[in-house]
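Chain and residue survey
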Amino acid sequence: MKTAVLTDSTAYISAQMREESDIHMVPLNVIFGEEAYREEIDLTADEFYSKVKEAKELPKTSQPSVGTILEKLEELKEEYDEVVAITLSSGISGTYQSMRSAGEMAEGIEMHLFDSEISCLMQGYYALEAAKLAADGEDAEKIIARLEEMKETMRAYFIVDDLNHLARGGRLHGSQAFIGSMLQVKPILHFVDTKIVPFEKIRTYKKARKRTLALFDEDASGGEKIRAAVIHANRPEEAELWKEEIEKQYSNVAVTVSYFGPVIGTHLGEGALGLGWYKE
């Protein structure tokens, strides 16, 4: 059995890394007015944040069509017997369901679907691990088992400047009272049961940052090997500062700086910062 690894564009794995790791991708779309752009193909993160500043209205997003996924599966079956497909959280996008529908319709290749229950590079870490195992000759069943194991220690917290993007898009759950008292608050959010929910209300960005790093310390201070990602929405300098601080304090942690790309950036808004990690 030869196993392909497929993910969607919100894993934000660079084209070079996808090629090196033999990871296949289907894009989500960002729509400005009448123009649709495939993220990571037609539109980079930098281009997106520039474009948003010029736009009169916030863009919309859409999942890959079943047809697009079927085309990719047709392409993959020329070389592979099965595919492990890793999607962003099913609680914030219909991508998981589109993948499921395409997998049921496809002939000649078997799809094994994995809901990351998260997004961005944390989702990407699942894809990278799956690709490594596939390259070692592991089958889909063993790969999925390893991803489920990773999920037990996968954590992510993020700070947003403005909750209105998430609230308007229906991506923030349990938020009504939270939004009602949003003046001068920097909320920390996280994923619970596939959905984005409030974690804590904190008065300043500085305190929110400190609290996020304290949550990280609960796992990192134990000395186990940890892989972490600092993720930013057009705040690269601040993300680098987080990375440097973590690397200075923890010799057991490997840190990568990544980004909230066009689709996730649409819902979080510019200025968001996140920290995610799992125990290797």
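Here the structure is a predicted model, which means the values were calculated and not measured. (Residues numbered from 1 in each chain as written. Predicted model: local features only at pLDDT ≥ 70, side-chain atom pairs only at ≥ 80, totals over all residues. Heavy atoms only, no water.)

Time to look at the overall build of the chain. Within the chain, the regular secondary structure consists of 11 helices and 13 strands. Scaling as 2.2 N^0.38, a compact globule of 280 residues should have a C-alpha radius of gyration of about 19 Å, and the chain matches this with 18 Å. Viewed in the frame of its principal axes, the chain has a C-alpha envelope of about 55 × 50 × 30 Å. Here the chain, with 280 residues, has 53% of them falling under the buried criterion. Here the contacts in the chain between residues at least 6 apart in sequence split such that 75% fall between residues at least 24 apart. (Helix = DSSP H or I, 4+ residues; strand = E, 2+ residues; numbered from the N terminus. Rg over C-alpha atoms; globule rule 2.2 N^0.38 Å. Buried < 20%, exposed > 50% of the residue type's maximum accessible area, 1.4 Å probe, protein only. Contact = heavy atoms within 4.5 Å.)

With that settled, the discussion passes to the packing of aromatic side chains. Overall, the coordinates contain 11 aromatic pairs when judged by the stated rule. Ring geometry for Phe-216 against Trp-277: centres 5.0 Å apart, planes inclined by 80°, an arrangement best described as edge-to-face. With Phe-216 in helix H9 (residues 205-220) and Trp-277 in strand E13 (residues 273-279), this pair connects stretches of sequence that are 61 residues apart. As far as the burial class goes, Phe-216 and Trp-277 line up, both buried. An aromatic cluster is built from Tyr-157, Phe-199, Phe-216, Tyr-250 and Trp-277, whose rings are joined through pairwise contacts. One residue, Lys-51, lies across the ring of Phe-32, its end atom 5.4 Å from the ring centre. For Arg-235, the ring lying beneath its charged end belongs to Tyr-205, and the centroid distance is 4.8 Å. (Phe/Tyr/Trp six-rings, centres within 6.5 Å; stacked < 30°, edge-to-face > 60°. Lys NZ or Arg CZ within 6 Å of the ring centre and 35° of its normal.)

Now for the side chain of His-232. Secondary-structure assignment places His-232 in strand E11 (residues 226-232). At a separation of 2.9 Å, a polar atom in the side chain of His-232 contacts the main-chain amide nitrogen of Arg-235. Aside from chain neighbours lying at most four places away, what touches His-232 is Ala-239, Val-257, Ser-258, Tyr-259, Phe-260, Ala-272 and Leu-273. (Polar contact = N/O pair within 3.5 Å; in protein donor to acceptor, adjacent residues only side chain to side chain.)

Strands belonging to one sheet form pairs held by backbone hydrogen bonds; the direction of such a pair is parallel or antiparallel. Spatially, the six strands line up as an open sheet ordered E10-E9-E8-E13-E11-E12, and their pairing is mixed. Two strands lie at the open edges of the sheet, namely strand E10 (195-200) and strand E12 (253-259), each paired on one side alone. Direction aside, the axes of adjacent strands within the sheet are offset by 25° on average. Judged from the five bridges that link them, strand E9 (residues 188-192) and E10 form a sheet pairing that is antiparallel. Bridge pairing in E10 places Phe-191 opposite Ile-196. (Pairing = 2+ DSSP bridges. Axes fitted to C-alpha atoms, helices over the stretch in contact; angles between N-to-C directions.)

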